[in-house]
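Chain and residue survey
Residue strings, one per chain:
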Amino acid sequence: MPRQSEALASSIIHLLNVKMAKLQDVWDVIGIQEEKRLERMGSVKNHIEMLLNEMIHEEELLNDQLNEAIHNWQEKLQDLCSELLLDLYKADKNSTPLQLEKELRDEVTTLLKERNFRMEQCEILLKEDQALCTDLCKTPYYIPTGKVPSLQQIEELKNHIMSAAKEKEHRLATFLGLRHEITNLMANIDHVPDTTFEKDAVLEQEDLFFLSDENIKSLEVLRLQLVKRKEELLTMQESLKEQIHSLWITLQIPTEQQNMETTGPICEVNAVLQQNLEQLQQMKIKNIKEVITGIREKLHTYWDKCLYSQKQREESDFLRSENFTEELLRVHDEELLKITLYYEKYQELFDNFEKWERWWKLFLEFEKKASDPNRYANRGGTLLKEEKERTQLQKKLPKLEEELKLNILKWETEQGSHFMINGQKPMIYIATQWEQHRFKKEQEKQERCIKKDDAPICRTPLKRPLCPSNTPLSKIRKLNGTSTIISSGSACNRVIKTPRKRDLSRKSNCVKGQLNSTTLENP
């Protein structure tokens, strides 16, 4: 089927023929000669040819414009694909220049919209990221200015913003917690913010404080400093209370007048306690003799606890002074402080030695009870309980002595001298106590054996008559020089031993069967 354009071209030729024929008819009517006709037909031909040439030139120009436009669109498309990091657009090879130009133009329009969208989105995200990073004092996500961000960069920027937002939320919560704690600490210790950082952290609005990692760390350091300061003030408060309590005891202040109940910030409480302490110290100066006497009693108490020898106690000449002055009071206070610190430093040593002496006395009491023959008459489980406690003490005493040995070694290492109790080393003293105890036990054992050798033997008769009998009064039997008389009518057989010399050079083995005995015979 012929195209419409071909049919239209045929109709144009036909129209041209019809019009030329009509033009010739007009020329015939007019009577135009052949020469003029040729001239006029030449003009028609030139006019038609010129018109067609103009039209052909215009269409050729259009073709050139299309080719140039296609080239320009292709260059723009290539640049956009490069900026947007996309694959190059591939047009249909069968497309005409006009179709190709339209396709390229539409694609460039689409990519320009994508480019503008990315640029606008990137600008908004960069502003948000910049604001977060400014608060956190962090480096924002970097995208070169004017460069079209890729889809990956857009996604990374979004993740960076989410991470920064979470970190800001966490730091803000940490800041608010630290700020609340710091504010309470400052109020408690009556501390006024004096540095720029402290004022920014406490007085300024929370959104004006930079939540940098350094600022958070600085806040933590400030909190620790305030906590340390609070602990120092509390330690000072306890020291003031102890001094006040000590002065109450020294000055014999009645219990109903002893009052340390104070409320408010620590500094205010300490100021009140300090004022009370100064008042008591003034009272102490007025009652200086009684105070010094009380301190001397405390010194004697601490000397007893610290196991001071008589020689060490006599070295303190100021104790014998009767000139009660502030200087003498100061010397007594210094000595009391010195002995107090010394006792607190080595309290474990003194407590262990005191515990050993206490356990040792208890152990000796149990040992004494264990050697008492009348202990078996005690009923109610007391004997079993005492034996159990004695066994436990036997186990605990050596362990305590080992611990005491370590305490003494530590003392001697720090003091650079030997630890002495009444001029004797403690471990030698303990060993002497054990040795004396063993010697005493051995001596008591030997004494018991000697007493057994010398004691008379009283035996119960095998048969006791219920009534008098005609049995001969006695039977005499001599064994090893011993004469024994047995009376059958008595309530108890009487054993009478004739004296004989005992060989003291031989040690008795305390066995009953080896003693002289009486043989009872039935009538």
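Residues numbered from 1 in each chain as written. Predicted model: local features only at pLDDT ≥ 70, side-chain atom pairs only at ≥ 80, totals over all residues. Heavy atoms only, no water.

Bringing the overall build of the protein into the picture now. The helix and strand tally for the protein stands at 13 helices and two strands. Long-range contacts, defined as pairs at least 24 residues apart, comprise 69% of the intrachain contacts of the protein with a sequence gap of at least 6. By element, 54% of the accessible surface of the protein is carried by carbon and sulfur atoms, the whole surface being about 37,800 Å². (Helix = DSSP H or I, 4+ residues; strand = E, 2+ residues; numbered from the N terminus. Contact = heavy atoms within 4.5 Å. Areas by Shrake-Rupley, 256 points an atom, 1.4 Å probe, with all protein chains shown as cover.)

Time to look at the packing of aromatic side chains. Enumeration over the complete set of coordinates arrives at 16 aromatic pairs. An angle of 65 degrees between the planes, with centres 5.0 Å apart, marks the rings of tryptophan 411 and phenylalanine 419 as edge-to-face. As far as burial versus exposure is concerned, tryptophan 411 and phenylalanine 419 are alike and both buried. Looking at lysine 305, its charged tip hangs above the ring of tyrosine 302, at a distance of 5.4 Å from the centre. Residue placement shows lysine 396 over the ring face of tryptophan 359; its charged tip is 4.6 Å from the ring centre. (Phe/Tyr/Trp six-rings, centres within 6.5 Å; stacked < 30°, edge-to-face > 60°. Buried < 20%, exposed > 50% of the residue type's maximum accessible area, 1.4 Å probe, protein only. Lys NZ or Arg CZ within 6 Å of the ring centre and 35° of its normal.)

With that settled, consider the environment of glutamine 274. Counting through the fold element by element, glutamine 274 comes out in helix α7 (residues 266–286). Taking the C-alpha atoms as reference points, glutamine 274 and glutamine 243, 31 residues apart in sequence, are found 9.9 Å from one another.

All right, on to the confidence of the model for the protein then. The predicted model of the protein averages 78 in pLDDT, with 83% of residues at 70 or higher. Scored below 50 in pLDDT, residues 460–523 makes 61 contacts in the model with residues more than four places away or belonging to other chains. (pLDDT = per-residue confidence, 0-100.)

In this model, helix α11 (residues 347–370) (24 residues) spans 34 Å end to end at C-alpha, consistent with the 34 Å of a helix rising 1.5 Å per residue. Of all the positions in α11, only Leu349, Phe350, Asn352, Phe353, Trp356, Trp359, Trp360, Phe363, Phe366 and Glu367 are classed as buried. (Expected span 1.5 Å × (residues − 1).)

Among the nonpolar cores identified, the biggest contains 47 residues, and Leu299, Ile339, Tyr342, Leu349, Phe350 and Phe419 are the most heavily contacted of them. When residues of this core are traced back to their parent elements, those giving at least two are α6 (213–251), α7, α8 (288–305), α10 (326–345), α11, α12 (382–415) and α13 (426–454). At eight residues, α11 tops the list of elements feeding residues into this core. For phenylalanine 419, the residues in contact, after removing those within four places along its chain, are Leu307, Tyr342, Leu349, Phe350, Ile408, Trp411, Glu412, Gln424, Lys425 and Pro426. Counting 26 residues, the second largest nonpolar core, distinct from the first, contains Leu125, Leu132, Val202 and Ile266. (Core = buried A, V, L, I, M, F, W, Y, C linked by side-chain atoms within 4.5 Å.)

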